[in-house]
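Close look at the chain arrangement
Next come the chains, spelled out residue by residue.
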Amino acid sequence: MSTSPVDVKLPQRSGTVNSTLTRRTSMSDDEAIPDTDSSETTNLLLERLRAWKHMCGYLEDYFSATAKVQKSQSKDYEKILKSVNEPLKEGHHFSSSAGGVAGMFENIRNNTQGMVTMYLEGEKNLKMAVLPTLERLHKEIKNKSKELSAGATKGAKAVEKARGLTQKHIELLGQNSATFDAAASGKIEQQNDPYLLKRGINHRLNNQVNEENNHRQDILAVQNSFQQFEAHVLQTVQGTLEQFHLHMGGQLERQRAMYADILGTAQRIPPDFEWINFCVRNDAALVNPDSPPRSFSSITFPNMEHRSTQPLIEGSLERRSRALIKGYSTGYYVVTPAHYLHEFKDNDDFRRDPSPELSLYLPDCVVGAIDGVKFNVKGKDVSSGKIGNAFHTNTELSFKAHTPNDAEKWWSVIKDATRGPALVAAAAAVPTLASPTAMSPAAISPAGSASPSRSVSGQNQPPPPTYAEKEMEKTQASQATAATPVAASPAAATPTVGISRTASTASHFHTSPGGSAVEKSEKS
């Protein structure tokens, strides 16, 4: 009885197999879009399954051809049987009892008939016992290919789609970051705000990492199952060859030796021998099971630290709802270098796409005075895009900070942002162009003050308009354009009234008869 060398131990995968995979994984983990083909492993495993399927087909063809030869040999032995089927001529000269010449030919006929039956049974056994096992194995390999193609290939397409979305937004961030640097005085569209684009990249990159890790787990599960599956394939082939040997080995001693050699050769292949050698040859394409999954915190992408993506101030504020019965609601607010005030539900970039609930372009807004922890901003929400903006009107938004100190910080940053890039440059140029006489207190009307607080002694003047600082910005811009050192006359300086910030008044917007925005004070 032949012995099976299935228990022969082979050397395990060496450390060098994992080292290449680890290096390849670490080089691409810090890249937003890894330079790898997500379907490379899938295609390699599908090609390997086709190789196993063709191997199984070869064996099926071999056994089918052998079955045909068995049927042909049975017909040949029927011809031989006919040569001795007729009774002996002059048979009466021979004894009819057993052990004589007649008995010898009877034995020949019986043995020849047995050979005919043996070959017919050999064909039947190959078709009914051996071939069906290989056909079932062939179907298993096909089903394995379909599962891998339907599952892992679908995951690879999802990864490529997610990477395409991330790459598109990274390129969009690069374009608008360059636009921000090249044209600092120009207005950037709300949807192209580099801060929003960066947060959008975070959202899509997180989705991409999730798709990559899910696809990696699917491929790793399939890859790990291949060793067990190939062991099953080899064990099935070994069992089939053993059945083949049992049916065919008794026909001829020579055939027995050949089939035993085939069986021994097949049984000397350990179940994991092919798999281990396959891993050594293709270690660069297979997923390393010891490598950690990708981490979002270690990924970098171009312009992620660009100054246009860094908020001037951010945090939670309370805003009074336009429906008075609802009171104040808390939101997450950000003032960006692009001079936008954005409102978000929270500061989470991963759960959903961080689209602003409210967006104000601050150079087009007017900021009211501070009342303790409260301050107002009048402007138009531009978060709906160009079409939606046409239906929006200026509204007064009331904000409330957590502390007076926080309110002062928010008010200062928002106030600076309302000046816009052009007005900031103009304001910086005014002190160098105007003479000291133009900036002296005598040139300023008694009705206003340059300081944030209003204190005029000995005069019973009405409260100055809170939003007249817009007129000051326009005057400063025109002075910078004219580039003349002539001092401003008191009449020209009279509209330049400072912002009044008191702790006992709250601002509300209305329109003066001249059409400019002024503030009406009332008791808080």
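Residues numbered from 1 in each chain as written. Predicted model: local features only at pLDDT ≥ 70, side-chain atom pairs only at ≥ 80, totals over all residues. Heavy atoms only, no water.

Within the protein, the regular secondary structure consists of 11 helices and nine strands. Across the 524 residues in the protein, those meeting the buried criterion constitute 41%. When contacts within the protein are restricted to residue pairs at least 6 apart in sequence, long-range pairs at least 24 apart make up 74% of them. Total accessible area computed for the protein in this model is approximately 28500 Å², and 55% of it derives from carbon and sulfur atoms. (Helix = DSSP H or I, 4+ residues; strand = E, 2+ residues; numbered from the N terminus. Buried < 20%, exposed > 50% of the residue type's maximum accessible area, 1.4 Å probe, protein only. Contact = heavy atoms within 4.5 Å. Areas by Shrake-Rupley, 256 points an atom, 1.4 Å probe, with all protein chains shown as cover.)

To continue, consider the sheet that holds strand 6 (residues 374-379). Taken in spatial order, the seven strands line up as 4-3-2-1-7-6-5 in an open sheet, and their pairing is antiparallel. Of all the strands in the sheet, the pair left with one neighbour each is strand 4 (358-361) and strand 5 (366-371). Taken pair by pair, the neighbouring strands of this sheet meet at an average axis angle of 30°, ignoring direction. Summarising the sheet, strand 1 (residues 313-320) and strand 2 (residues 328-335) pair through eight bridges and their orientation is antiparallel. Bridge assignment links Leu317 to a residue of strand 2, and that residue is Gly331. Against the sheet, helix 4 (residues 194-248) engages strand 1, strand 2 and strand 3 (340-344), with an angle of about 30° to strand 3. (Pairing = 2+ DSSP bridges. Axes fitted to C-alpha atoms, helices over the stretch in contact; angles between N-to-C directions.)

Attention shifts here to the nonpolar core. Membership of the largest hydrophobic core comes to 35 residues, with the highest contact counts inside it found for Phe63, Ile141, Leu148, Val233 and Phe278. Residue contributions to this core peak at 10 residues, all from helix 4. When sequence neighbours within four positions are dropped, the list of residues in contact with Leu148 reads Thr42, Leu45, Leu46, Leu49, Thr153, Val222 and Phe226. Residues Leu317, Leu341, Cys365 and Val377 belong to the second largest nonpolar core, which totals 22 residues. (Core = buried A, V, L, I, M, F, W, Y, C linked by side-chain atoms within 4.5 Å.)

This brings us to a positive patch on the surface. There is a patch of like positive charges on the surface, built from Lys71, Lys75, Lys79 and Lys82. Relative to the assigned elements, Lys79 resides in helix 2 (residues 40-83). (Patch = residues over 30% accessible without salt bridge, like charges linked within 9 Å, V, L, I, M, F, W, Y side chains within 5 Å. Salt bridge = Lys/Arg side-chain N within 4 Å of Asp/Glu carboxyl O. Lys, Arg positive; Asp, Glu negative; His and termini not counted. Charge placed at Lys NZ, Arg CZ, Asp CG, Glu CD.)

Here the focus is helix 6 (residues 273-281). Taken together, the buried positions of helix 6 are occupied by Trp275, Ile276, Phe278 and Cys279. When helix 6 is viewed along its axis, its buried side chains cluster within an angular range of 160° and face the same direction. (Arc of directions from axis to C-beta.)

On the surface, Leu88, Phe94, Val101, Met104 and Ile108 cluster together into a nonpolar patch covering about 380 Å² of accessible area. Tracing the sequence through the fold places Val101 in helix 3 (residues 101-182).

Take the packing of aromatic side chains next. For the structure on display, the rule yields 10 aromatic pairs. Between Trp275 and Phe278, the aromatic rings sit 5.3 Å apart at their centres with planes inclined by 35°, giving tilted as the arrangement. Of the two residues, Trp275 and Phe278 both sit in helix 6, three residues apart, roughly one turn of that helix. Judged by relative accessible area, Trp275 falls into the buried class, the value being 6%. The exposure class assigned to Phe278 is buried, which follows from its relative accessible area of 4%. Ring geometry for Tyr333 and Phe399: centres 5.4 Å apart, planes at 90°, overall edge-to-face. Placement of Tyr333 in strand 2 and of Phe399 in strand 7 (residues 395-400) is noted, with a sequence separation of 66 residues between them. Like Tyr333, the residue Phe399 is buried in the burial classification. Through a chain of ring-to-ring contacts, three or more aromatic side chains come together here, namely Tyr62, Phe63 and Phe244. When the ring centre of Phe344 is taken as reference, the NZ or CZ atom of Arg199 above it lies at 4.2 Å. Above the plane of the ring of Tyr328 lies Lys400, whose end atom (NZ or CZ) is 4.3 Å from the centre. (Phe/Tyr/Trp six-rings, centres within 6.5 Å; stacked < 30°, edge-to-face > 60°. Lys NZ or Arg CZ within 6 Å of the ring centre and 35° of its normal.)

This paragraph deals with the packing of helix 2 against helix 6. Between helix 2 and helix 6, whose axes approach to 13 Å, the crossing angle comes to 145°. Judged by the twist between their axes, the crossing of helix 2 over helix 6 is right-handed. Seen from helix 2, the contacting residues are Leu44, Leu45, Arg48 and Trp52; seen from helix 6, they are Glu274, Trp275 and Phe278. Here the contact of helix 2 with helix 6 is built from residues that sort into five nonpolar, no polar and two charged. (Left-handed = near helix turned anticlockwise from the far one by under 90°. Nonpolar A, V, L, I, M, F, W, Y, C, P; charged D, E, K, R; others polar.)

Tallied over the full model, the rule gives 12 salt bridges. One salt bridge connects Glu160 with Arg163, and the closest N-O pair in it is separated by 3.8 Å. Here the residue Glu160 and the residue Arg163 both occupy positions in helix 3, the gap between them amounting to three residues, near one helical turn. Residue classification places Glu160 among the partly exposed positions, given a relative accessible area of 36%. Across the pair Asp353 and Arg204 runs a salt bridge whose closest N-O atoms are separated by 3.2 Å.

Read these as geometric descriptors, not functional statements.
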